[in-house]
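# Fold and geometry: a report
Chain by chain, the residues:
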Amino acid sequence: MSKNPFDITKAVDYTDDEIYRYWVDIREDGFESLIKPQSLMPMMIVGSKGSGKTHLMKYFSYEVQKIRAKQESGGVAKGLKKDKFIGVYVRCSGFNADQFGGKGVADELWADIYAYYWELWMGERLTNILLDVQKYVNLFESYSERAFVKDVLNLFFRSPEDISNLQDLDKYFIDLQRKVEYEIQNFLFHGKKVPEVEILLSASRLSYGYPFLLRNKIDFFADTYVLYLIDELENFSEMQQQLVQTLLREKPAACTYRVGVRPYGIKTCFTLRNIEENRDNAEYEKVSLDDFLHEKMAGNKQYIKDICWRRIQNSDISIAKNRDLSDLIENRTNDETIKLVETKKDSVSSSYMQKLKRDLQTLQVPEDRIVSILNNLTFAQDKIVERTNVVLLYKKIKSKSANLLAESIGIKKSAESYINGAHARNNHYVYLDKYKQDVIDTIAREGNVDIPYFGLDKLLELSCGNPRTMLCLLKASFNAQYFMTGKVPFEGGRVLNIDAQKMGIESTQKWFLEENRIPVRSDLSLGKVIDPVKRLGNLLQSLRFSDLPPQCSINIFSIPKESLSVTARRVFEILEQYSYIISSNSRRKKNSDNRIGVYQLNTILIPKWELSLAKRGLVSLSKDEAEDVFNPMKQEDYDKMLREKKKSYSFPFTDNKFSNLEQRLF
């Protein structure tokens, strides 16, 4: 099989060269404006899984700085001088951090050992970078290598006398790390109660002291500082995060920090020993990568398009230069969807007429009148208008009209007027102006045709602005089509077909649910935290495909978050942290300056419940309704609430709590 250009979706699996080759920036006010690499203010970069956080941080590491400098700045020396920083990338999971805890050893002792190990790690990373920089720059023109190495060793409580160059210094750091690792792995086997580690450095001694020496002893680094890029902080324990918080709080002018973490990953803002608490906009700046992407891509998905196109360009697939990515991903228009439904048997394509007939019989409407009513509503030349006719009659049924036959005649006249273009904002015009896509999707659903979530623009919407989700969609679709056809998608302009996209969407939904699995919570008796997602999806789906939907394009919802119980509010917050629920733009309450929080399901889950991709109609959940949805202990209450809510919008409309919204539409 030809290599899938979307095969690798995680930046941690890229080589440094691939990080550079696959790098895509936002075209205006790009990522440098977010990460501010030349600012000394420490920063916490919060980003959901797959948002591109690791790719972003590795792009500013020395290893990629070097590649970028060679390609764009005429050499490593010129590039580093231009950047004014040296990026030291550290992936937290690379420390095997979980070995520094438990085993009957006090947390305070582990904290001291880990702080020491961290210092050794940072010293080795910096020394390793210097060894590489030496290949391109004469670092020791005015200050000898021996003297510099001695200055570094003087940061230790005691150190060997026979180390005189960077190569030996690097080996010294590695040897000390191995001694620590050996001791913590084997102390129990040696009959010891605690690891016996000789600590030769205090916390921050090298992390701060090494950059200070670089800046003050080596001319090349006189106006350059060290940028520590600490990624995947969520993998650290609370104690280990306290070390990072301490480093953020007390950093000198010779270095600074960018810390990458997932929304659920910050376990503490306290420094070691819980002495002080760091605050946003005081000790550090906290930025949301997801919010940055959503703001930049509102109405413009060019960034993720560029990511996908860059992958294809760096593959062995040949495509004409003038082709656009949208030309290579098959779309299904609304007209094509309707035509597919029309090819079905009448019992399927017009099942809504059969349902209406049964409902009229339930109301004991005489059979001859039922025949006349259905004849008036039948509109063979336009299925969208015909389906709208049925909705308008249900509205009359809801309002308990005394003469449904006369109402059907009025609906027929409105339909004919609408088709002839002389509607003058009649009932059909008003309804379809807002609900047309809902009508089309309803026709598709009732006709056993897939609601069209296909084509580049819709796949981009489904990605929810998350680069990895988009790459997973294309990866799975690419593989599915190659498996089905034996031919490489995109090659020579071959389109990615709808069947493959459908399989790609289903595969990516499974990937999302697996990748974002929420661990069992010990702080609350929450049951299955994922259950409220299913409840919410089922509720919105039931409303969207009811006989009289309360809103058009149902997708977004609001809740009185602060009024919920502790349990329901905590569950909601967890679902936000794991990206099941996404904060949408807040909306202003009518006749008020107050704004309400608006949310939506992560869009990759939208096809699962056949919701709208558009964000128009807002479903406002009351305090009790939101409690029933988000409190996992309220399944029976939720089931009852859902049954009652359906009654407002589906035949026989036995609930009198009918929203005034529909009445205002006509």
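So, here's what we can say about the structure. (Residues numbered from 1 in each chain as written. Predicted model: local features only at pLDDT ≥ 70, side-chain atom pairs only at ≥ 80, totals over all residues. Heavy atoms only, no water.)

### Some thoughts on helix α15 (residues 351-362)
Keep this limit in mind: Every helix listed is a DSSP run of H or I at least four residues long, and every strand listed is a run of E at least two residues long, numbered separately from the N terminus. Every helix has an expected span of 1.5 Å times one less than the residues it contains. Two residues qualify as a contact provided that any one of their heavy atoms is within 4.5 Å of a heavy atom in the partner residue.
Here α15 contains 12 residues, and its C-alpha end-to-end distance of 17 Å stays within 8% of the 16 Å for a straight helix at 1.5 Å per residue. Contact partners of the buried residues in α15: α14 (346-349), α16 (367-377), α17 (383-398), α18 (404-419) and α19 (427-446).

### Section: unusual backbone geometry
Looking along the chain, the bond that leaves Phe 651 and enters Pro 652 is cis, with omega of 15 degrees. For Pro 652, the position within the fold is in the loop between α26 (635-649) and α27 (660-665). A positive phi angle, near 45 degrees, is found at Lys 36, a position not held by glycine. As for its position among the elements, Lys 36 is in the loop between α2 (32-35) and β1 (43-46).

### Observations concerning the side chain of Lys 645
Rules: A 1.4 Å probe rolled over the protein chains alone gives each residue an accessible area, and that area as a share of the maximum for its type sets the label: buried under 20%, exposed over 50%, partly exposed in between. What qualifies as a polar contact is a pair of N or O atoms within 3.5 Å, subject to a donor-acceptor requirement within protein and to the restriction that residues adjacent in sequence count only when both atoms come from side chains.
Structurally, Lys 645 is set in helix α26. Taking relative accessible area as the criterion, Lys 645 reaches 13% and is therefore assigned buried. A polar atom in the side chain of Lys 645 sits 2.9 Å from the side chain of Glu 625. In this structure, Lys 645 is in contact with Leu 539, Leu 543 and Glu 625, ignoring residues within four places of it in sequence.

### Some points on a positive patch on the surface
Operational definition: Grouping into patches uses exposed residues only, defined as over 30% relative accessible area, and leaves out salt-bridged ones; the cut-off is 9 Å for like charges and 5 Å for nonpolar side chains (Val, Leu, Ile, Met, Phe, Trp, Tyr). Each accessible area is a Shrake-Rupley result for a 1.4 Å probe, and residues are judged covered by the shown protein chains and nothing else. We define a salt bridge as a side-chain nitrogen of Lys or Arg found within 4 Å of a carboxyl oxygen belonging to Asp or Glu. Neither His nor the chain termini are counted; the positive set is Lys and Arg, and the negative set is Asp and Glu. For the purpose of locating charges, the reference atoms are NZ of Lys, CZ of Arg, CG of Asp and CD of Glu.
A grouping of Lys 510, Lys 528, Lys 534 and Lys 608 is seen on the molecular surface, where their side chains present a positively charged patch. With respect to the helices, strands and loops of the structure, Lys 528 is situated in the loop between α22 (498-515) and α23 (531-544).

### Considerations on the pairing of strand β10 (residues 598-601)
Definition in use: Being paired, for any two strands, means DSSP has found at least two bridges between them.
By the alternation rule, side chains of β10 split into Val 598 and Gln 600 and Tyr 599 and Leu 601, which are all buried. As defined by bridge partners, strand β7 (residues 581-583) adjoins β10 across 3 bridges and the pair is classed as antiparallel. Bridging from a neighbouring strand, Ile 582 pairs with Gln 600 of β10.

### Focus on the packing of α23 against helix α25 (residues 623-630)
Where we set the bar: Angles here are taken between N-to-C directions and fall from 0 to 180 degrees, while the axes themselves are lines fitted to C-alpha atoms, restricted in helices to the stretch in contact. Relative orientations are named as follows: roughly parallel for angles under 35 degrees, roughly antiparallel for angles over 145 degrees, roughly perpendicular for angles from 65 to 115 degrees, and oblique for any other angle. The nonpolar class holds Ala, Val, Leu, Ile, Met, Phe, Trp, Tyr, Cys and Pro. Asp, Glu, Lys and Arg form the charged class, and all remaining residues, Gly among them, are polar.
α25 packs onto α23 with a crossing angle of 130 degrees between their chain directions and a minimal axis gap of 7 Å. Put simply, α23 runs oblique to α25. Along the contact surface, α23 presents Pro 532, Arg 535, Leu 536 and Leu 539, while α25 presents Asp 628, Val 629 and Phe 630. Per-class residue counts for the contact of α23 with α25 are 5 nonpolar, no polar and 2 charged.

### Quick notes on the pattern of salt bridges
Enumeration over the complete set of coordinates arrives at 36 salt bridges. Residue Arg 68 is joined to Asp 83 by a salt bridge in which the shortest nitrogen-to-oxygen separation is 3.8 Å. Of this pair, Arg 68 sits in helix α4 (residues 62-72) while Asp 83 sits in helix α5 (residues 76-83), and the two are 15 residues apart along the sequence. Arg 68 sits in the buried class, given a relative accessible area of 9%. Here Lys 355 ties to Asp 359 by a salt bridge, and the two come within 2.8 Å at their closest N and O atoms. A residue pair is termed a helical-turn pair when its members lie 3 or 4 positions apart in one helix, as Lys 355 and Asp 359 do in helix α15 at 4 residues. Connected through salt bridges with shared partners, the residues Arg 249, Glu 276, Arg 279 and Glu 283 form a single ionic network.

### Brief notes about the packing of helix α13 (residues 334-342) against α19
This is how it is decided: The hand of a helix crossing depends on one turn: near helix anticlockwise from the far one by less than a right angle means left-handed, and clockwise means right-handed.
Contact pair α13 / α19: the axes reach a minimum separation of 9 Å and the direction vectors enclose 30 degrees. Between α13 and α19 lies a crossing of left-handed hand. Packed against α13, whose contacting residues are Asn 334, Thr 337, Ile 338 and Val 341, the element α19 presents Gln 437, Ile 440, Ile 443 and Ala 444 at the interface. Partitioning the contact of α13 with α19 into residue classes produces 5 nonpolar, 3 polar and no charged.

### Quick notes on the sheet that holds strand β6 (residues 556-558)
On the basis of which strands lie adjacent, the open sheet formed by 4 strands has the order β7-β10-β6-β11 and mixed pairing. On the outer flanks of this sheet lie β7 and β11 (618-620), each paired with one strand and no other. Between one strand and the next, the sheet's axes are offset by a mean angle of 35 degrees, whatever the strand orientation. Note that β6 and β11 share 3 bridges and pair parallel. Bridge pairing in β11 places Ile 556 opposite Leu 618.

### Some words on a nonpolar patch on the surface
Where nonpolar side chains cluster on the molecular surface, the patch consists of Phe 483, Met 484 and Met 503 and spans about 350 Å² of accessible area. Tracing the sequence through the fold places Phe 483 in helix α21 (residues 467-485). Relative accessible area serves as the criterion here: at 74%, Phe 483 is assigned to the exposed category.

### Some remarks on the packing of aromatic side chains
Two descriptors summarise a pair of aromatic rings, namely the distance from one centre to the other and the angle between the planes of the rings. Here is the rule we go by: Only Phe, Tyr and Trp rings are paired, with Trp represented by its six-membered ring, and only when their centres lie within 6.5 Å; those with planes under 30 degrees apart are stacked, over 60 edge-to-face, the remainder tilted. Geometrically, a charge over a ring is one whose NZ (Lys) or CZ (Arg) sits within 6 Å of the ring centre while staying within 35 degrees of the ring normal.
Summed over all chains, the structure comprises 33 aromatic pairs. Seen from their ring centres, Phe 31 and Tyr 303 are 5.4 Å apart, and the 65 degrees between their planes marks the pair as edge-to-face. You can see Phe 31 sitting in the loop between α1 (16-21) and α2 and its partner Tyr 303 sitting in helix α12 (residues 302-313), a full 272 residues away along the chain. You can call Tyr 303 buried: its relative accessible area is 9%. An aromatic cluster is built from Trp 23, Phe 31, Tyr 59, Phe 60, Phe 85, Phe 292 and Tyr 303, whose rings are joined through pairwise contacts. Directly above the aromatic system of Phe 220 lies the positively charged group of Lys 81, at a separation of 4.8 Å from the ring centroid.

### As for α25
Counted residue by residue, α25 has 6 buried out of 8 residues, so it is predominantly covered. Taken as a whole, α25 has its buried residues at Glu 625, Ala 626, Glu 627, Asp 628, Val 629 and Phe 630. In this fold, the buried residues of α25 make contact with α23, β6, α24 (566-577), β7, β11 and α26.

### Structural notes on a negative patch on the surface
On the surface, Glu 330, Asp 335, Glu 336 and Asp 499 cluster together into a patch of negative charge. With respect to the element layout, Glu 330 can be found in the loop between α12 and α13. You can call Glu 330 partly exposed: its relative accessible area is 31%.

### Details of the sheet that holds strand β4 (residues 255-261)
Across the sheet, 5 strands lie side by side as β2-β3-β4-β1-β5; this open sheet has parallel pairing. Looking at the sheet topology across the chains shown, the edges are occupied by β2 (85-91) and β5 (285-288). Across the sheet, the mean angle from the axis of one strand to that of its neighbour is 20 degrees, orientation sign disregarded. Note: β1 against β5, 4 bridges, orientation parallel. Residue pairing for β5: Ile 45 is matched across the bridge by Val 287. Where helix α10 (residues 238-250) meets the sheet, it contacts β1, β3 (225-231) and β4, and its direction lies at approximately 140 degrees from that of β4.

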